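Secondary and tertiary structure notes
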Amino acid sequence: MPETDPFVVTPYEVKGRIDYDRLRELFGTQAIAPELLDRIRALAGGELSPLLARGIYYSHRDLGPLLEGFAAGRPFFLYSGRGPSGPLHTSHLVSFELCRWLQAKFGVPMYVQITDDEKFWARSGLSREETARWGLENLYDILALGFDPKRTHVFFDSRSIAALYPLAIRAARRITYSSVKAVFGFEPSTNIGLVFYTALQTVPAFWPSWSEGRSIPCLIPCGIDQDPHFRLTRDIAEGMGYPKPALVHSRMVPGLLGEAAMSTTGSARDNALFLNDPPKEIDRKVRNAFTGGRATVEEQRRLGATPEICSVWALWRSRFAPTEEEFGRITADCRSGALLCGDCKSALLERVHGFLWRHAAARERAKTWAESAIVTEAPHPV
Ligand code: SF4
């Protein structure tokens with residue numbers, strides 16, 4: 001990244017005010033153009049996910065050919081994952097929410113990878129038991145978003161290794177230490193678990209093609225900061241005999257404290273709404289959230305506020321305003337000064353509490369089928 005850029009976006013660090021068009025140019029990805037959105041809408045029966053309609057997903061690699069294939073009768077599958085180091089917060093749900101929508105509209109399988117091994121290797125402060133426990137807790141939250149039990153499969157790394165390992169062996173042979181060092185910034189002190197893990201992370205993108213013995217395209221929704229990880233998967237795909245996975249990239253959901261992304265380590269826990277936060281914590285965090293409002297009520301009524309810099313607006317945009325009509329009204333009223341920040345936060349809190357209440361019930365239901373979704377056996381040896 002040139003020094004003149006006032007922002008930094010890597011798989012390990014996001015800071016500064018991100019120029020998303022410039023970032024796309026730097027990464028060499030394509031914009032999700034209106035024609036592509038029209039194509040998705042047509043294939044999805046006339047609807048568009050709010051995450052696409054509002055430009056939260058804004059960049060892609062090879063999405064056009066994937067959609068063309070689907071239109072010609074060649075279904076794809078979805079792949080997303082989670083490194084379980086603690087509870088999920090609302091911005092973690094963005095990629096899974098798009099997957100859920102795509103699964104519902106396109107009727108395609110979903111593969112979730114829970115990387116409890118990687119988090120153990122990456123976080124020396126977490127025990128094996130803790131990463132495994134968070135893995136299950138996170139899995140319940142993910143499945144509770146509404147995934148179809150018949151079409152959803154889970155690689156829980158430490159428990160799915162027999163299923164993953166035959167392909168991981170082949171992938172590992174194609175990935176050099178110099179390439180993972182360049183992508184992940186490994187040091188001489190990096191443990192060898194993390195080095196091998198890069199092979200395991202590629203496997204779900206190829207597994208359905210391998211297990212079914214036919215070429216099945218993969219679509220990976222992820223934050224744009226994660227693009228470098230999957231470039232490596234794309235680099236080895238054709239050599240493995242499988243299609244390169246297509247990617248769609250989201251913008252980062254800004255933190256409640258007004259930062260570029262939801263950093264949540266240490267004292268930054270106030271930067272995000274965790275799914276296991278007690279209601280009073282949710283209230284406190286939203287009440288203290290950074291906004292795009294004016295210094296006084298009078299000024300805001302007269303001049304209006306700035307939604308684009310507001311962390312509360314970002315929550316409306318990414319999850320809590322389900323219709324375009326409502327989201328448009330909130331945005332227009334914010335800009336005109338008709339809506340004041342205190343009232344806006346009260347309305348958002350009502351929506352957040354309602355979501356968490358429903359989510360808790362859905363999570364209990366997800367527990368009844370989560371175990372059966374975990375893949376534990378390879379369909380055949382390599
Ligand atoms: Fe943010 Fe709402 Fe205030 Fe607008 S009215 S700046 S969206 S809190």
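All residue numbers here refer to positions counted from 1 along the written sequence of the relevant chain. Thresholds applied to this predicted model are a pLDDT of at least 70 for local features of residues and 80 or more for the giving and counting of side-chain atom pairs; totals over whole chains, interfaces and linings are not thresholded and use all residues. With hydrogens and water set aside, each side-chain value is computed from the structure's full complement of heavy atoms.

**As for the side chain of Q103**
Relative to the helices and strands, Q103 is located in helix α5 (residues 93-106). Overall, the relative accessible area of 3% leaves Q103 in the buried class. Note on contacts: a residue pair qualifies if any of its non-hydrogen atoms lie within 4.5 Å across the two residues. Not counting chain neighbours up to four residues away, the residues in contact with Q103 comprise L78, V108, P109, M110, F147, D148, R151 and T152. Helical segments are the DSSP runs of H or I of at least four residues, strand segments are the runs of E of at least two, and each set is numbered from the N terminus. Only protein chains enter the accessibility calculation, which uses a 1.4 Å probe; a residue whose area is less than 20% of its type maximum is buried, one above 50% is exposed, and one in between is partly exposed.

**Quick word on the packing of helix α15 (residues 311-320) against helix α16 (residues 324-336)**
When two helices pack together, their arrangement is given by the angle between their axes and by how far apart the axes lie. Direction vectors running N to C along α15 and α16 enclose 175 degrees, while the axes themselves pass 10 Å from each other. Taken together, the axes of α15 and α16 are roughly antiparallel relative to one another. Here W313, W316, R317 and F320 of α15 lie close against α16, whose contacting residues are E326, F327, I330 and T331. Of the residues belonging to the contact of α15 with α16, the class tally is five nonpolar, one polar and two charged. Fitted lines through C-alpha atoms give the axes, limited to the stretch in contact for helices. The angle between two N-to-C directions lies from 0 to 180 degrees. Here is the rule for angles: anything less than 35 degrees is roughly parallel, anything more than 145 is roughly antiparallel, 65 through 115 is roughly perpendicular, and the remaining ranges are oblique. Nonpolar residues are Ala, Val, Leu, Ile, Met, Phe, Trp, Tyr, Cys and Pro. Charged residues are Asp, Glu, Lys and Arg, and all others, Gly as well, are polar.

**A closer look at the sheet that holds strand β9 (residues 246-250)**
When DSSP finds two or more bridges between a pair of strands, those strands are recorded as paired. If you trace the seven strands from one edge of the open sheet to the other, you get β3-β4-β9-β8-β5-β6-β7, paired in mixed fashion. Two strands in the sheet have a free side with no partner beyond their single neighbour: β3 (30-31) and β7 (152-156). When strand β8 (residues 218-223) meets β9, the two strands line up parallel, connected through five bridges. Bridging from a neighbouring strand, C222 pairs with H249 of β9.

**Re the pattern of salt bridges**
Salt bridges, as used here, are contacts in which a Lys or Arg side-chain nitrogen is within 4 Å of a carboxyl oxygen on Asp or Glu. In total, this model carries 25 salt bridges according to the counting rule given. Between E324 and R54 there is a salt bridge, with the nearest N and O atoms lying 3.1 Å from each other. With E324 in helix α16 and R54 in the loop between α3 (50-53) and β4 (57-61), the pair connects residues that are 270 residues apart, well separated along the chain. Since its relative accessible area comes to 39%, E324 is described here as partly exposed. We note a salt bridge from D62 to R234, for which the minimum N-O separation is 3.1 Å.

**Description of the domain arrangement of the chain**
For the domain bounds, the source is a domain assignment made automatically or taken from a database. Taken domain by domain, the chain consists of domain 1 (8-256) and domain 2 (266-363). Domain 1 and domain 2 are separated by 28 Å when their C-alpha centres are compared. With 24 residues of domain 1 at the contact, the number on the domain 2 side is 29 residues. For the pair domain 1 and domain 2, the two sides together bury roughly 2,300 Å², of which 58% comes from carbon and sulfur. The three residues of domain 1 that bury the most area against domain 2 are R54, T90 and L256, which together make up 39% of that side's buried surface. Our enumeration of links across domain 1 and domain 2 arrives at four salt bridges. Contacts described as polar in this section are N or O atom pairs within 3.5 Å, which, within protein, must combine one atom able to donate a hydrogen with one able to accept it, while residues neighboring in sequence count only if both atoms come from side chains. Across the contact surface, domain 1 and domain 2 share 14 residue pairs in polar contact (both at pLDDT 80 or more). Among the secondary structure elements, those contributing two or more residues to the side of domain 1 that touches domain 2 are α3, α5 and α7 (128-143). The biggest single contributor to the side of domain 1 that touches domain 2 is α7, with four residues. Here the side of domain 1 that touches domain 2 is built from residues that sort into 14 nonpolar, four polar and six charged. By buried area we mean the combined loss of accessible area, with a 1.4 Å probe, across both parts when two parts are placed together.

**Thoughts on unusual backbone geometry**
The backbone phi angle of D62 is positive, close to 60 degrees, even though this residue is not glycine. Assignment of secondary structure puts D62 in the loop between β4 and α4 (63-71).

**Concerning the nonpolar core**
Counting residues in each nonpolar core, the largest one holds 70 residues, and the members touching the most others are L52, F106, L219 and W316. Among the elements that line this core, the one with the most residues is helix α17 (residues 341-373), at eleven residues. Split by domain, this core shows at least three residues from each of two domains, domain 1 (8-256) and domain 2 (266-363). L219 has contacts with L63, L66, F76, F77, L78, Y79, L102, A246, L247 and V248, leaving out every residue within four places of it along the chain. Joining through side-chain atoms within 4.5 Å is the link that ties buried Ala, Val, Leu, Ile, Met, Phe, Trp, Tyr and Cys residues into a set, and such a set is a nonpolar core. Membership of the second largest hydrophobic core comes to 34 residues, among which are A163, I216, C218 and I220.

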